[in-house]
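Here are the chains, one letter per residue:
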Amino acid sequence: MYDAYVMPGPLALSRSTVDHATHRRTDAAWLEATWRDETTRVLVVGAGTVPVDGHELRFVSPSEAPDGHRYLLGVEDGIAYFAVGVDSAPAGGATLREVGAVLGDRDAGLAVHAVALANWHAAHRHCARCGQPTEVSAAGHVRRCPADGSEHYPRTDPAVIVLVTDEHDRCLLGRATAWPEKRFSTLAGFVEPGETPEHAVAREVYEEAGVVVTSARYAGAQPWPFPSSLMLGYYGTATGTEPRPDGAEIAEARWFKRDELRSAALAGDILLPGGISIARRLVEGWYGGALPTQG
Ligand SMILES: [Zn+2]
């Protein structure tokens, strides 16, 4: 049954188009010449925000850019894109949650790359081996320790998010203890050391809801730099046993038929995931279309 589900796209934060031009990160002459080129576009990034004008990123030229570490984001149509990391939110700054869905494909990809890198730099200023302050290299994609020479790379933490269905074609949604009343979504959690994503799906669903997942199929992924995740979407199957929410992470867990989901959402009895989330897309893929919510 679940093989029929296809997660509708595109995912707001998965639309990157720009060539990362990784071979240029250590090309000092190219980096210097490109920074002197006033057609180079620079995106200021700070506190998880980037400057936006309407539906577009607002770039500055290198000469207009503030001081800060430069991160090469890539090259498209002969134009180089950099980010400059600053400590506070730039003027006109907006978060990815606010503008991730309205930016065009190129700008969405650039913004996600810039925010993810800036988040990593902000949280990894010291060497994990010896504690010395590290230095930025490789155009923002490596931090190097001057004391012991170790190199540290940007982190991306894999997490799984899963829509589980049962033999009656019902879907399993839960409400996290940290969420408001009525808010329901797919179950999710981080992949642990030694696990595959499929193992993590089964473990998380059993831990959080007491439901045994019998199979899991990859549905698509979305970078989720809040601060550093990669959300791996799955459709899972289970036999429809009564959920047993763990009470720690998950306060409520319920099976929903489509008509139950529809009437509950329309009546305001449940609030479904929204915005740029992969959760909403997973539910839509099962539901068969746009969800009946007021947003
Ligand atoms: Zn060190």
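Since we're looking at a predicted model, the values are computed, not measured. (Residues numbered from 1 in each chain as written. Predicted model: local features only at pLDDT ≥ 70, side-chain atom pairs only at ≥ 80, totals over all residues. Heavy atoms only, no water.)

Focus on the coordination of the zinc ion
Each protein donor to the zinc ion is listed here as Cys127 (SG), Cys130 (SG), Cys145 (SG) and Asp148 (OD); together their distances run 2.2 to 2.3 Å. Taken together, the four donor atoms coordinating the zinc ion and their angles of 102 to 120° define a geometry best described as tetrahedral. Relative accessible area serves as the criterion here: at 32%, Asp148 is assigned to the partly exposed category. (Donors = N, O, S within 2.8 Å, 3.2 Å for Na, K, Ca; no water. Tetrahedral: all angles 85-135°; square planar, octahedral: opposite > 155°, others 65-115°. Buried < 20%, exposed > 50% of the residue type's maximum accessible area, 1.4 Å probe, protein only.)

With respect to the sheet that holds strand S6 (residues 93–95)
Taken in spatial order, the three strands line up as S3-S2-S6 in an open sheet, and their pairing is antiparallel. Pairing within the sheet leaves two strands with one partner each, and these edge strands are strand S3 (56–57) and S6. Sheet analysis places strand S2 (residues 49–53) next to S6, joined by three bridges and oriented antiparallel. The partner of Val50 across the bridge, within S6, is Ala94. (Pairing = 2+ DSSP bridges. Helix = DSSP H or I, 4+ residues; strand = E, 2+ residues; numbered from the N terminus.)

With respect to the pattern of salt bridges
Summed over all chains, the structure comprises 18 salt bridges. Residues Asp53 and Arg58 are paired through a salt bridge, measuring 3.5 Å at the closest nitrogen-oxygen approach. Given a relative accessible area of 45%, Asp53 falls into the partly exposed group. When the shortest N-O distance is used, the salt bridge between Arg170 and Asp166 registers 2.7 Å. Asp166 gets classed as buried once you look at its relative accessible area, which sits at 5%. In this structure, a network of salt bridges that share partners links the residues Glu192, Glu195, Arg203, Glu204 and Glu207. (Salt bridge = Lys/Arg side-chain N within 4 Å of Asp/Glu carboxyl O.)

As for the side chain of Thr34
Topologically, Thr34 is positioned in helix H1 (residues 28–36). Polar contacts involving the side chain of Thr34 include one to the main-chain carbonyl oxygen of Trp30, which spans 2.6 Å. With residues up to four places along the chain from it excluded, the contact list for Thr34 reads Thr40, Ala80 and Phe82. (Polar contact = N/O pair within 3.5 Å; in protein donor to acceptor, adjacent residues only side chain to side chain. Contact = heavy atoms within 4.5 Å.)

Re the packing of helix H5 (residues 258–266) against helix H6 (residues 278–287)
Packing of H5 against H6 brings their axes to within 11 Å, and their N-to-C directions diverge by 125°. Relative to H6, the element H5 is oriented oblique. The crossing of H5 and H6 is left-handed. Between H5 and H6, the residues in contact are Arg258, Leu261 and Arg262 and Val283, Trp286 and Tyr287, respectively. (Axes fitted to C-alpha atoms, helices over the stretch in contact; angles between N-to-C directions. Parallel < 35°, antiparallel > 145°, perpendicular 65-115°, else oblique. Left-handed = near helix turned anticlockwise from the far one by under 90°.)

Some thoughts on the domain arrangement of the protein
The domains assigned to the protein are domain 1 (22–123) and domain 2 (156–287). The C-alpha-based centres of domain 1 and domain 2 are spaced at 33 Å. Counting from both sides, the interface comprises eight residues of domain 1 and, opposite them, six residues of domain 2. Roughly 570 Å² is buried in total at the junction of domain 1 and domain 2, and carbon and sulfur atoms are behind 73% of that figure. When the buried surface of domain 1 facing domain 2 is broken down by residue, Leu96, Arg97 and Asn119 rank first, second and third, together holding 66% of it. Our count for the domain 1 to domain 2 interface comes out at zero salt bridges. Summed over the shared surface of domain 1 and domain 2, the number is two residue pairs in polar contact (both at pLDDT 80 or more). Of all elements in the fold, only helix H2 (96–99) and helix H3 (105–123) reach the threshold of two or more residues within the side of domain 1 that touches domain 2. Sort the elements by how many residues they give to the side of domain 1 that touches domain 2 and H3 lands first, with four residues. Classifying every residue of the side of domain 1 that touches domain 2 gives five nonpolar, two polar and one charged. (Domains from an automatic or database assignment. Buried area = accessible area lost by both parts, 1.4 Å probe. Nonpolar A, V, L, I, M, F, W, Y, C, P; charged D, E, K, R; others polar.)

With respect to the environment of Thr239
Relative to the helices and strands, Thr239 is located in the loop between strand S14 (229–238) and strand S15 (250–256). Classification of Thr239 as partly exposed rests on a relative accessible area of 46%. Each C-alpha atom, one on Thr239 and one on Val164, is 9.6 Å from the other, the two residues being 75 residues apart in sequence. Excluding residues within four positions of it along the chain, Thr239 makes contact with Asp166, Glu167, Val211, Val212 and Trp255.

Description of the pairing of strand S13 (residues 213–224)
In the sheet, S13 pairs with S14 via 10 bridges, with the strands oriented antiparallel. Following the sheet pairing, Gly220 is matched in S14 by Gly233. Connecting S13 to the antiparallel partner S14 that follows it, the hairpin turn spans four residues.

Re unusual backbone geometry
With an omega dihedral of -5°, the bond running from Gly9 to Pro10 counts as a cis peptide bond. In this fold, Pro10 is placed in the segment before H1. Backbone torsion omega between Phe226 and Pro227 reads 10°, so that peptide bond is classified as cis. Here Pro227 lies in the loop between S13 and S14. The backbone phi angle of Ala139 is positive, close to 50°, even though this residue is not glycine. Overall, the relative accessible area of 12% leaves Ala139 in the buried class. Located in the positive-phi region is Asp169, a residue other than glycine, with phi close to 65°.

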